[in-house]
Amino acid sequence: MIELGLSGFAAIVLAGGQAARLGGADKASIEVGGRSLLERALDAVVDAGEVVVVGQQVPTERPVTFVLEDPRHGGPVAGLLTGRDSLLRRFPTLAVLAVDMPHLTSSTFRRLHEAAVGHEGAVLTGADGRTQLALVLETARLDAVRPDREHQHNMAVRALLEPMDLVPVASVGDEARDIDTWSDLRDIASEVEGR
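What comes next concerns the included structure. For every chain, the first residue of its written sequence is number 1, and the numbers climb from 1 along that sequence. At least 70 in pLDDT is required for a residue's local features to be given in this predicted model, at least 80 for side-chain atom pairs to be given and counted, and no such filter applies to totals for whole chains, interfaces and linings, which use all residues. The side-chain quantities take in all heavy atoms of the structure and omit both hydrogens and water.

### Observations regarding the overall build of the protein chain
So, step 1. When you go through the protein chain residue by residue, the secondary structure sums to six helices and nine strands.
So, step 2. In terms of overall size, the protein chain behaves like a compact globule, its C-alpha atoms giving a radius of gyration of 16 Å where 195 residues would be expected to give roughly 16 Å.
So, step 3. Per-residue accessibility, obtained with a 1.4 Å probe over protein chains only, is compared with the maximum for each type, and a residue is labelled buried under 20%, exposed over 50%, and partly exposed between these values. Considering the protein chain as a whole, with its 195 residues, one finds that 51% of them fall into the buried category.
So, step 4. Every residue pair with non-hydrogen atoms within 4.5 Å of one another is taken to be in contact. Look at the contacts in the protein chain between residues 6 or more apart in sequence, and 69% of them connect residues 24 or more apart. A run of DSSP states H or I qualifies as a helix once it reaches four residues; a run of E qualifies as a strand once it reaches two. Both are numbered from the N-terminal end. To get the radius of gyration, use the C-alpha atoms; to get the globule rule, take the number of residues to the power 0.38 and multiply by 2.2 Å.

Shown next, in the form of structure tokens:
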């Protein structure tokens, strides 16, 4: 179970998707309000002791480890587990986030960590109650439920996390919004620039 305190967590940024609805564009490099989606994701996990980005290497202001999911284009579970295996040090807790959620902040992950105390993790939920790719997980418990490599390919995140005691945490404002299409990008960019 996760204990009180934010010290000692690592972050895994999932940035290796194929972005089919964006014509294969590299989501990590897309800019919103003058900052790339990857820079925004790294800002959201500024408190992490180590960060692994699962995706193509691009320049960053913060030192991070870049890896490609194995198997390549194997989906978010393969990305998450590849990222976990690429950590240089052991951390009791992992923060996991998709690179295409530009409204996530360090406050989001503080709330998730606080909600996870006494449980095996916490997951952000949207206004519709659907879980999002923004969560914190107890590392040891994730290791205990992980499938063997041949079953990771295109596995649903929901299926991976089903055995875990995860607390749902309601999103605040636009935290749960992501960018899947060009219209999503246009809408979010215009809102950010209008602020």
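The discussion continues.
### A short note on the environment of arginine 40
So, step 1. Checked against the element boundaries, arginine 40 lands in helix α1 (residues 37-44).
So, step 2. Note on arginine 40: relative accessible area 18%, which makes it buried.
So, step 3. For the pair arginine 40 and methionine 101, spaced 61 residues apart in sequence, the C-alpha to C-alpha distance is 8.5 Å.
So, step 4. Ignoring anything within four residues of it in the chain, the contact list for arginine 40 reads Val32, Gly33, Arg35, Pro102 and Val192.

### Considerations on the environment of alanine 170
So, step 1. Secondary-structure assignment places alanine 170 in strand β9 (residues 166-170).
So, step 2. On a C-alpha basis, the gap between alanine 170 and leucine 133 in space is 13 Å, while along the polypeptide they are 37 residues apart.
So, step 3. Those residues within four positions of alanine 170 in sequence are excluded, and the remaining contacts are Arg111, Leu124 and Thr125.

### Points about the nonpolar core
So, step 1. Note on terminology: a nonpolar core comprises buried Ala, Val, Leu, Ile, Met, Phe, Trp, Tyr and Cys residues joined through side-chain atoms within 4.5 Å. The biggest cluster of nonpolar side chains holds 38 residues, and the ones touching the most others in it are Val13, Leu38, Val51, Val53 and Phe109.
So, step 2. Take this core: its biggest share by element is five residues, from α1.
So, step 3. Setting aside residues no more than four positions away along its own chain, valine 13 makes contact with Leu38, Ala41, Leu42, Val51, Val52, Val53, Val54, Leu97 and Val99.
So, step 4. In this structure, Ala10, Leu94, Leu137 and Leu161 belong to the second largest nonpolar core, which totals 24 residues.

### Section: the pattern of salt bridges
So, step 1. Salt bridge, as applied in this entry: a Lys or Arg side-chain nitrogen positioned within 4 Å of an Asp or Glu carboxyl oxygen. Scanning the entire structure with this criterion turns up ten salt bridges.
So, step 2. Residues lysine 27 and aspartate 100 are paired through a salt bridge, measuring 2.7 Å at the closest nitrogen-oxygen approach. Pair noted here: lysine 27 is in the loop between β1 (9-14) and β2 (31-32) and aspartate 100 is in the loop between β6 (93-98) and α3 (106-116), with a separation of 73 residues, a long-range link. The residues lysine 27 and aspartate 100 share a single accessibility class, namely buried.
So, step 3. Salt-bridge contacts for aspartate 43 lead to arginine 35; the nearest nitrogen and oxygen are separated by 2.8 Å.

### Description of the sheet that holds β6
So, step 1. Taking strand neighbours across the sheet as the criterion, the seven strands line up as β5-β4-β1-β6-β8-β7-β9 in an open arrangement whose pairing is mixed. What marks the edges here is a single partner per strand, and that holds for β5 (65-67) and β9. Pairwise comparison of adjacent strand axes, ignoring direction, gives a mean angle of 20 degrees for this sheet.
So, step 2. Paired strands, as defined in this entry, are two strands with at least two bridges between them according to DSSP. Pairing geometry for β1 and strand β4 (residues 50-54), over five bridges, is parallel. Bridge pairing in β4 links isoleucine 12 to valine 52.
So, step 3. Note on geometry: axes are lines fitted to C-alpha atoms, helical ones only across the stretch in contact, with angles between N-to-C directions running from 0 to 180 degrees. Set on the sheet, helix α2 (residues 76-85) makes contact with β1, β4, β5, β6 and β8 (131-138); between it and β1 the angle comes to about 145 degrees.

### Observations concerning the environment of leucine 87
So, step 1. In this fold, leucine 87 is placed in the loop between α2 and β6.
So, step 2. By relative accessible area, which is 11% here, leucine 87 ends up buried.
So, step 3. Setting aside residues no more than four positions away along its own chain, leucine 87 makes contact with Ala10, Glu50, Val52 and Leu94.

### Concerning the pairing of β1
So, step 1. Counted residue by residue, β1 has six buried out of six residues, so it is predominantly covered.
So, step 2. Alternating residues of β1 divide into Phe9, Ala11 and Val13 and Ala10, Ile12 and Leu14, and every residue in both groups is buried.
So, step 3. Pairing of β1 with β6, which is carried by six bridges, proceeds in the parallel orientation. If you follow valine 13 over to β6, its bridge partner there is leucine 97.

### Here we look at α1
So, step 1. The element α1 is extensively covered by neighbouring structure, given that six of its eight residues are classed as buried.
So, step 2. Within α1, burial applies to Leu37, Leu38, Arg40, Ala41, Leu42 and Ala44.

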